[in-house]
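Structure assessment
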Amino acid sequence: MQLVEYINKKEISDFFSIEAFKNLRTNIQFSGSDMRTILMTSTVMNEGKSTCSYHLAKAFAELGKRVLLMDCDLRKSVTLSKFRTEDRVFGLTHFLTGMQTLDQCICESDTKNLHILFAGAFPPNPAELLSTKGFAVLMDALKSHYDYIIVDAPPLGSVIDAAILAQHCDGAVLVIRQSEVKIRLAQNSKRQLERTGCKLLGVVLNGVTKERGGKYYGKYYGAYYAQDGDRS
C-alpha cells in the first residue's frame, strides 16, 4: 500500500478552523450511529468541498476511527494534487474497470488510521461507472471494513453523479462558499439530495470570516449549520 503525504499541512491551522471540523465531526456523530458513510458535495465548483472532505476524514481518524476518504469526483478531481506521492497512483476508475485490484488502489496517508482511494484516470462515462453493480458491491465491502467513509462527490449543480452516489450513503453534507452561490441554486441542490432518499445532515458554510471586537481576523473552513437551521 503506497504512502501519500498531504502537502499543505498549514492549510487548516488556526484555532477556529480546527474547532469547526471537530464541531462538524461531533454533529455527525450525534446524528446517529448509523451515519457512517458521509457524502460531501457542493452546488458549483470551487466551493472547497474536497478540502472539507479531507479535513473531516482527518478529524475522524484522529479519534482512532478507521477512515477512508473516497474521491468520487471522476470528472475534475483535485484531490490527488493535494498529496505528495512516490510512484504512480491508481484509483477508483482503475478498480471499477478491472485494471487493478482494490489493494493496489487504496493508499495509506500520513495521518494514522486514514486511507485514501483517489479517483483514478478520468473515464469517458463517469455516471455509468458509478451506476454499475460493481460499484454497489464495492461500497458494501468498504462499509464492512471502515468505521467511516467520507465520499467526495462532484457538485450537484453540474452533473448527476452526486445524486447517484447519495443512494449509497447514510447522510450528506452540502458545502457552500460564502457569497458564491445564489440561494435558489442551493435550494435546488438541497431538493435534489432529498429526492435520492439520502438524509441531508446540514451545511458547511465555507470561507466565512470570524469577527471579534469589530475587527475581522482570518477566514476559516467549516462553519456548520444543522439541517433545522440552528448553528452548532
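These numbers come from a predicted model, not from an experiment.

**A few points about the overall build of the chain**
A count of helices and strands for the chain gives eight helices and twelve strands. In the chain, buried positions account for 49% of the 232 residues. Across the chain, the fraction of contacts at a sequence separation of at least 24, relative to all contacts at a separation of at least 6, is 78%. For the chain, the accessible surface area stands at approximately 11,300 Å², while carbon and sulfur atoms represent 49% of it.

**A short note on unusual backbone geometry**
One can expect most non-glycine residues to show negative phi and most peptide bonds to be in trans. The phi torsion at Asn46 lies on the positive side, around 65°, for a residue other than glycine. Note on placement: Asn46 falls in the loop between β2 (37-42) and α2 (49-61). Overall, Asn46 belongs to the exposed group, its relative accessible area being 67%. Backbone geometry places Asn113, a non-glycine residue, at a positive phi of 80°. Position of Asn113 relative to the elements: it lies in the loop between β5 (106-109) and β6 (114-117). On the accessibility criterion, Asn113 (29% relative accessible area) is partly exposed.

**Thoughts on the state of the cysteines**
Under the criterion given, the structure shown has zero disulfides. Among the cysteines around Cys105, which has no disulfide bond, Cys107 carries the closest sulfur, lying 8.3 Å off. A relative accessible area of 0% means that Cys105 is categorised as buried.

**Considerations on the layout of surface pockets**
Here the largest pocket is characterised by a volume of approximately 350 Å³. In terms of lining residues, the largest pocket is bounded by 20 residues, among which Met45, Asn46, Lys49, Asp73 and Lys76 are the most central. The leading source of residues in the lining of the largest pocket is α2, at three residues. The residue inventory of the lining of the largest pocket, partitioned by class, reads seven nonpolar, six polar and seven charged.

**Observations concerning the nonpolar core**
Leu39, Met70, Leu92 and Phe135 are the most contacted members of the largest nonpolar core, which totals 37 residues. Elements that contribute at least two residues to this core include exactly β3 (67-71), α3 (92-96), α5 (126-130), α6 (133-143), β7 (148-152), α7 (161-166), β8 (171-177) and α8 (183-196). Filtering out sequence-adjacent residues up to four positions away, Phe135 remains in contact with Met70, Cys72, Leu92, Leu96, Leu129, Leu130, Leu165 and His168. Counting residues in hydrophobic clusters, the runner-up holds 29 residues, among them Ile12, Tyr54, Ala57 and Leu114.

**Here we look at the side chain of Thr79**
Note that Thr79 resides in the loop between β3 and β4 (83-84). Look at Thr79 and you get buried, because its relative accessible area is 5%. There is a polar contact of 3.4 Å between the side chain of Thr79 and the side chain of Asp71. Once residues lying within four places of it in the same chain are set aside, the contact partners of Thr79 are Ser50, Asp71, Phe118 and Asp152.

**Remarks on helix α1 (residues 15-29)**
In this model, α1 (15 residues) spans 21 Å end to end at C-alpha, consistent with the 21 Å of a helix rising 1.5 Å per residue. Turning to α1, its buried residues are Ser17, Ala20, Phe21, Leu24, Arg25, Asn27 and Ile28. Relative to the axis of α1, the buried residues are bounded by an arc of 165° and lie together on one face.

Parameters and conventions
Residues numbered from 1 in each chain as written. Predicted model: local features only at pLDDT ≥ 70, side-chain atom pairs only at ≥ 80, totals over all residues. Heavy atoms only, no water. Helix = DSSP H or I, 4+ residues; strand = E, 2+ residues; numbered from the N terminus. Buried < 20%, exposed > 50% of the residue type's maximum accessible area, 1.4 Å probe, protein only. Contact = heavy atoms within 4.5 Å. Areas by Shrake-Rupley, 256 points an atom, 1.4 Å probe, with all protein chains shown as cover. Disulfide = S-S within 2.5 Å. 1 Å grid on protein atoms, 1.4 Å probe; cavity = no way out; pocket = protein on both sides within 12 Å on 5 of 7 lines; lining within 4 Å. Points joined across faces, edges and corners; volume = space filled by probe spheres on them. Nonpolar A, V, L, I, M, F, W, Y, C, P; charged D, E, K, R; others polar. Core = buried A, V, L, I, M, F, W, Y, C linked by side-chain atoms within 4.5 Å. Polar contact = N/O pair within 3.5 Å; in protein donor to acceptor, adjacent residues only side chain to side chain. Expected span 1.5 Å × (residues − 1). Arc of directions from axis to C-beta.

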